[in-house]
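Structural overview for review
So the chains spell out like this:
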Amino acid sequence: MYQKFDVVIVGAGGAGLMAAMQLPNASVAVLSKVYPTRSHTGAAQGGVAAALGNLEEDHWKWHMYDTVKGGDYLVDQPAAEILARDAIDAIYELEHRGLPFNRTPDGRIDQRRFGGHTRNYGEAPVRRSCYAADRTGHMLLQTMYQNAIKNQVRFFNEFLALDLLINEGRVCGVVALEIRTGEIHTFHAKAVLFATGGYGRAWRVTSNAFACMGDGMAIAYRRGIPLEDMEMYQFHPTGLYKVGVLLSEGARGEGARLLNGKGEYFMERYMPTLKDLAPRDIVSRCIIKEIKEGRGVNGEDYVYLDLRHLGEKVITEKLPDITEFARNYLGVEPIREPVPIQPTAHYAMGGIPTDNDGRVVIDSKWTPLPGFYAAGEVACVSVHGANRLGTNSLVDLIVFGRRAGKHMARFIAENDHVPLPSHHEDFAREMVDHLLTSKGGESAARIRNELQGEMLENVFVERQEKGLQHAMDTIAGLQEAYKKVQLQDKGKTFNTELVEAIELGFLLDCAAATVHGALARKESRGAHYRLDYPERDDVNWLKHTLIYKGDGACEARLDYKDVILIDDPIFKPKERKY
Ligand SMILES: Cc1cc2nc3c(=O)[nH]c(=O)nc-3n(C[C@H](O)[C@H](O)[C@H](O)COP(=O)(O)OP(=O)(O)OC[C@H]3O[C@@H](n4cnc5c(N)ncnc54)[C@H](O)[C@@H]3O)c2cc1C
């Protein structure tokens, strides 16, 4: 089926919906493979950062400083400035659209502490995270979805985008599978925005929803668009043991503390100032160190998150959801018992490279691919550099989702549709037909399982050459095996086996790009910690990785792009001591 719009947005999480809302006079289609309010944004717990200064003095420049420093200086600094400045305005926009934030007694938006957010350039933690209990993302998504419905955005729910269409040097549409009917659709557009989220399902222990399979990144990658800084993947310190389900940093923001098997609050030893509220890469590494040195609980590979001293009232009022997770998944009562936790795969700092208006750029010279935009976790602006601070993703969605939407509004006013390329559905149809007719006998579940185990083993908090090479070889083998995946369900209606197999192909590409970047980057920076190169190396590595897909399934070509610094001594890269 063929349909024509001004703008097609793939993804109905915070980024996609924020962009959709900037286009009141355009015809806009939003495609989402899950029902919009099931997007992963709805799982965000802790909050959204903005230097409102409602409870204590704060300044956007302090927020910018924390973002740059937290990102271990791999951040493009003008983008971080936009993030920190625009955050304030964006929060008030959300408030006016109806988001029910927690309030101070005098009626202003309440704010709490979060890792790495400090006052006066690193002096002490500051209250910067605006929140709605521990359901901030849920509230944000519901608010935005209601607004989108009010603005008559056209939703195509349970449509799986398969391919990006490019003609005459411009992006001009998307091909998608309607999951309900198995039908292939072409969406012809003047501009396309990818807001498809992350790929945390590449690891066995993960905080991410089932839909976080890296679709948008892989679709772009297959069309010759590079991926930026894919080696920079964040592991959140506090996932429920073995399950990975997140216990938000909001808990530590309220005062919860990490406890080892010897009963020590060990973060004091590593980070005397910020303690449990140090940035996530650091806390995750400290946990792994405690475990490796035999101070895990009962000699096992976990430690505790201790909330007991917060008291029942704070726990029930401010952290209701996450404490319920501990009860449901582990049978632990956080009011009386410490909760077993371990680091969990959480967030992609890397992704599709964009400029500050969400325009996708395809090389080290910042050449845009006209008509193509990306925002949210799928994109790399880059504001998070080598490590994202908690609460900075939701801000990224709303600030850069909004900028991308506004830029698209200008773009579609000045440009007409370009024709579709010939045989534009062939690529997508071949992908689907191959899977439906394959008799190769391979199981998608086996491949996914092996991939997730390998990534957890060798591409996790600590990395080194040997393990990364092992992961590369394993993924190359899995890419070969993937060609032989055979489905049991050959039907058209709600063929979820087909959907999952397609997503697995996307996930393999994202994992391969991650390992390529990680193998090449011979230094330690932010979330990318190499045991064999433990130091940060600004002389050789203060640069972004760009990975282009090569000819073979697992091959790639690497290039690099300068990090943009501004001329201000405060933001000059220095050692990241707290
Ligand atoms: C458990 C958890 C808690 C978090 N807590 C916080 C927090 O407190 N503060 C914070 O700042 N950040 C937090 N984060 C991070 C943040 O929530 C995410 O990075 C962010 O919500 C991603 O939003 P998004 O709009 O980019 O994508 P998502 O919300 O992931 O949405 C992706 C959308 O793309 C669609 N999609 C994907 N692929 C396709 C396809 N092929 N075809 C059609 N549609 C497709 C999906 O259907 C979905 O609508 C948390 C993340 C997790 C996992």
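This is a predicted model, so every value here is computed, not measured.

Attention now moves to the sheet that holds strand β16 (residues 339-348). Taken in spatial order, the four strands of this open sheet run β13-β16-β15-β14, and their pairing is antiparallel. Here the strands that pair on one side only, and so sit at the sheet edges, are β13 (233-240) and β14 (257-259). When the angles between neighbouring strand axes are averaged without regard to direction, this sheet yields 50°. Note: strand β15 (residues 303-306) against β16, three bridges, orientation antiparallel. Residue pairing across strands places Y304 opposite P340, the latter belonging to β16. Packing against the sheet, helix α8 (residues 280-292) makes contact with β13, β14, β15 and β16, and its axis sits at approximately 60° to β13. Contacts from helix α10 (residues 320-330) reach β13 and β16, with the element oriented near 70° to β13.

Let's shift gears to the side chain of D163. As for its position among the elements, D163 is in strand β8 (residues 159-167). By relative accessible area, which is 1% here, D163 ends up buried. A distance of 2.8 Å separates polar atoms of two side chains, one belonging to D163 and the other to R223. Setting aside chain neighbours within four positions, we find D163 in contact with G173, V174, V175, I219, R223, H424, F427 and A428.

Moving on: the sheet that holds strand β24 (residues 556-562). One open sheet accounts for three strands, arranged β12-β23-β24; its pairing is antiparallel. Of all the strands in the sheet, the pair left with one neighbour each is β12 (227-228) and β24. Contacts from helix α5 (residues 215-222) reach β12, β23 (543-549) and β24 within the one sheet, and its direction differs from that of β23 by about 70°. Most of the contacts of helix α15 (residues 496-520) go to β23, to which it runs at about 135°, and overall it touches β12, β23 and β24.

Another aspect to go through is helix α13 (residues 444-458). Each turn of an α-helix holds 3.6 residues, which means side chains three or four residues apart point in the same direction. In a regular helix each residue adds 1.5 Å, so 15 residues correspond to 21 Å; α13 covers 21 Å between its end C-alpha atoms and thus fits that length. Where α13 begins, one side-chain oxygen reaches toward the backbone nitrogen of A445, 3.3 Å away; that side chain belongs to S443.

Turning next to the environment of N449. One can find N449 in helix α13. Along the backbone, N449 and D559 are 110 residues apart, and their C-alpha atoms lie at a distance of 31 Å.

For strand β19 (residues 368-374), the buried fraction is high: five of the seven residues fall into the buried class. Here strand β11 (residues 191-194) pairs with β19 via three bridges, running parallel. Bridge pairing links F194 to A374 in β19. Pairing of strand β18 (residues 359-361) with β19 involves two bridges; the strand directions are antiparallel. Residue R359 lies in a different strand from β19, and its bridge partner there is Y373. Hairpin connection, β18 to β19: the antiparallel pair is bridged by six residues, and W366 has positive phi, about 65°.

The next point concerns the pattern of salt bridges. Scanning the entire structure with this criterion turns up 50 salt bridges. For the salt bridge of E333 with R327, the shortest nitrogen-to-oxygen distance reads 2.7 Å. E333 gets classed as buried once you look at its relative accessible area, which sits at 15%. Members of the salt-bridge network, linked through shared partners, are D72, D229, E231, R521, E523, R525, R536 and D538.

Looking now at the domain arrangement of the protein. One can read the domain layout of the protein as domain 1 (1-43), domain 2 (236-343) and domain 3 (426-551). On a C-alpha basis, the centroid separation for the pair domain 1 and domain 2 is 36 Å.

So, about the environment of Y533. Inspection of the secondary structure puts Y533 in the loop between β22 (529-530) and α16 (538-541). Among the residues examined, Y533 registers a relative accessible area of 31% and is labelled partly exposed. Put simply, Y533 and G200 are 333 residues apart on the chain and 25 Å apart in space, counted from C-alpha to C-alpha. When near neighbours in sequence (up to four residues on either side) are disregarded, Y533 contacts K522, E523 and S524.

Parameters and conventions
All residue numbers refer to position in the chain's written sequence, counted from 1. A pLDDT threshold of at least 70 governs which residues receive local features in this predicted model, and a stricter bar of 80 or more applies before side-chain atom pairs are shown or counted, although totals over entire chains, interfaces and linings include all residues. To obtain the side-chain values, all non-hydrogen atoms of the structure were used and water was disregarded. Only strands joined by at least two bridges in the DSSP assignment are considered to pair. Each helix is a run of H or I in the DSSP string that is no shorter than four residues. Each strand is a run of E no shorter than two, and both are numbered from the N terminus. Every axis in this analysis is a line fitted to C-alpha atoms, fitted for helices over the stretch in contact. Angles between the N-to-C directions lie between 0 and 180 degrees. Only heavy atoms enter the contact rule, under which two residues are in contact if any of them lie within 4.5 Å. Relative accessibility decides the category of a residue: with a 1.4 Å probe and only protein chains considered, values under 20% of the type maximum give buried, values over 50% give exposed, and everything between is partly exposed. Pairs of N or O atoms are called polar contacts if they sit within 3.5 Å, as long as, within protein, a hydrogen donor faces a hydrogen acceptor (for residues adjacent in sequence, only side-chain-to-side-chain pairs). Residue count minus one, scaled by 1.5 Å, sets the expected span of a helix. Each salt bridge in this description consists of a side-chain nitrogen of Lys or Arg and a carboxyl oxygen of Asp or Glu lying within 4 Å of one another. Segment limits for the domains were obtained from an automatic or database-derived domain assignment.

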